[in-house]
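Report on the structure
Spelled out, the chains give:
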Amino acid sequence: MSDWILETKGVQKTFGGVKALQDITFHIQRGEILGVIGPNGAGKTTAINVITGVIAPDAGEIFYESKPVTKSRLFLSSRMGMARTFQHPQTLNSLDCLDNVKVACLTRGMSHKEAEQKAEEILDLVGLHSFLHEPSSSLNFAQRKVLDMARALGTQPKLLFLDEVLTGLTDEEIQDLVKKIRSLKNQGLTIVIIEHLVKVIRSVSDRLLVLDTGKVLMQDLPDVVLSNPLVIESYIGKGGVAQNA
Ligand SMILES: Nc1ncnc2c1ncn2[C@@H]1O[C@H](COP(=O)(O)OP(=O)(O)OP(=O)(O)O)[C@@H](O)[C@H]1O
C-alpha cells in the first residue's frame, strides 16, 4: 500500500470571482501530522471542504488510499474513513456531550452499550469527561470545537482533519490537547491540522503545507518551511501571527 493516504492533483475551486483554490497539488503521508498554514483567505478550509466532499471542486483530482474520490460527498468520505471538524462546530446542542459522541459512534455499527463506552473513552481522551452529562449548549465556543473533534473521532477515522480546534483554548488546554493529538498519531491516525498558532503547529507537525492565495507555496519539514523567506513574507510577516512565530 502507498505511503500516501491522500493525494490531490491540480484541484481548483472558484466562488464567483474569487479563486479560492487555483492549482492545489499535495499529498498526505500515512501516519503523519500535516500542519496547514497560510494567511486568512488562503484556501485552507476550502481545501478540506473539497477533500471531504462538502463542496465539489471545479477541476482536478483527489485520491484517497489510491482510489479516486473527487466526486465523493461528505457521507461517503466519512464511510471511507475521513473525519473533520468545522470552524463553526457542528454539535447537536439539544443533546448532552455523551450522546453527541455516541451518535457518531453509532454510525459505525456499534451496539448502544459499545457506543456509550467508546464515547466516554473519547470524551476522556479530549479532556471533556467532566461534561459528559452536560448539554453541549453549556460549553463555550472553544470547548464545542473540542466536542466536534470528539464527534469526528467517534466515527473511527483513519484520516482526521482539524480546522482550528486550538483557537480560543487557554495555554494549558492547548498543551493538553496537543499531547492528545500526538497520542492519536501514535495510535496510527493520520492528522491534518489547520492552525494559526505557529509555535504550536511547528512543534506538533511532521511536515507543513503552506497555502497562499489558493496556491501551494511549499510543503516540507517545519524548520525548512518556517525559515523560508517566501513563507516569512507571505504569512509570518503579515501582522497577526508574528508574535506566535
Ligand atoms: N462559500 C463561499 N462562498 C464565497 N466565497 C467563499 C466561500 N468559501 C470561501 N470563500 C472565499 O474563498 C477564499 C478562501 O477561503 P477559505 O475559508 O478557504 O480560507 P482560509 O485559508 O481557510 O482562511 P481563514 O484562515 O480565514 O479561515 C476566501 O477569499 C473566502 O472569502
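Look up: the structure comes first, before these words.
In short, a report on the structure. (Residues numbered from 1 in each chain as written. Predicted model: local features only at pLDDT ≥ 70, side-chain atom pairs only at ≥ 80, totals over all residues. Heavy atoms only, no water.)

Focus: the environment of Glu164
For the record, the criterion: Counting from the N terminus, the helices are DSSP H or I runs at least four residues long and the strands are E runs at least two residues long. Should any heavy atoms of two residues lie within 4.5 Å, those residues are considered in contact. In protein, a polar contact means a hydrogen-donor-capable atom and an acceptor-capable atom, both N or O and within 3.5 Å, with residues adjacent in sequence counting only if both atoms are side-chain atoms; elsewhere, any N or O pair within 3.5 Å suffices.
Its place among the elements puts Glu164 in the loop between strand E7 (159-163) and helix H6 (171-186). For the pair Glu164 and Ile193, spaced 29 residues apart in sequence, the C-alpha to C-alpha distance is 7.2 Å. Those residues in contact with Glu164, other than ones at most four positions away along the chain, are Gln87, Lys145, Ile194, Glu195 and His196. For Glu164, the side chain forms a polar contact with the side chain of His196, separated by 3.4 Å.

A few points about the sheet that holds strand E3 (residues 33-37)
As a reminder, the rule being used: For two strands to be treated as a pair, DSSP must find no fewer than two bridges joining them. Orientation is described by axes fitted as lines to C-alpha atoms, over the contacting stretch for helices, and by angles from 0 to 180 degrees between their N-to-C directions.
If you trace the 6 strands from one edge of the open sheet to the other, you get E6-E7-E8-E3-E9-E10, paired in mixed fashion. At either margin of the open sheet sits one strand with a lone partner, and together these are strand E6 (82-84) and strand E10 (215-220). Sheet twist, expressed as the mean angle between neighbouring strand axes with direction ignored, is 15°. Examined bridge by bridge, E6 and E7 share 3 bridges and lie parallel to one another. Counterpart to Met82 in the pairing with E7 is Leu159. The sheet contacts of helix H9 (residues 229-236) involve E3, strand E9 (207-212) and E10, and relative to E10 the element is tilted by about 125°.

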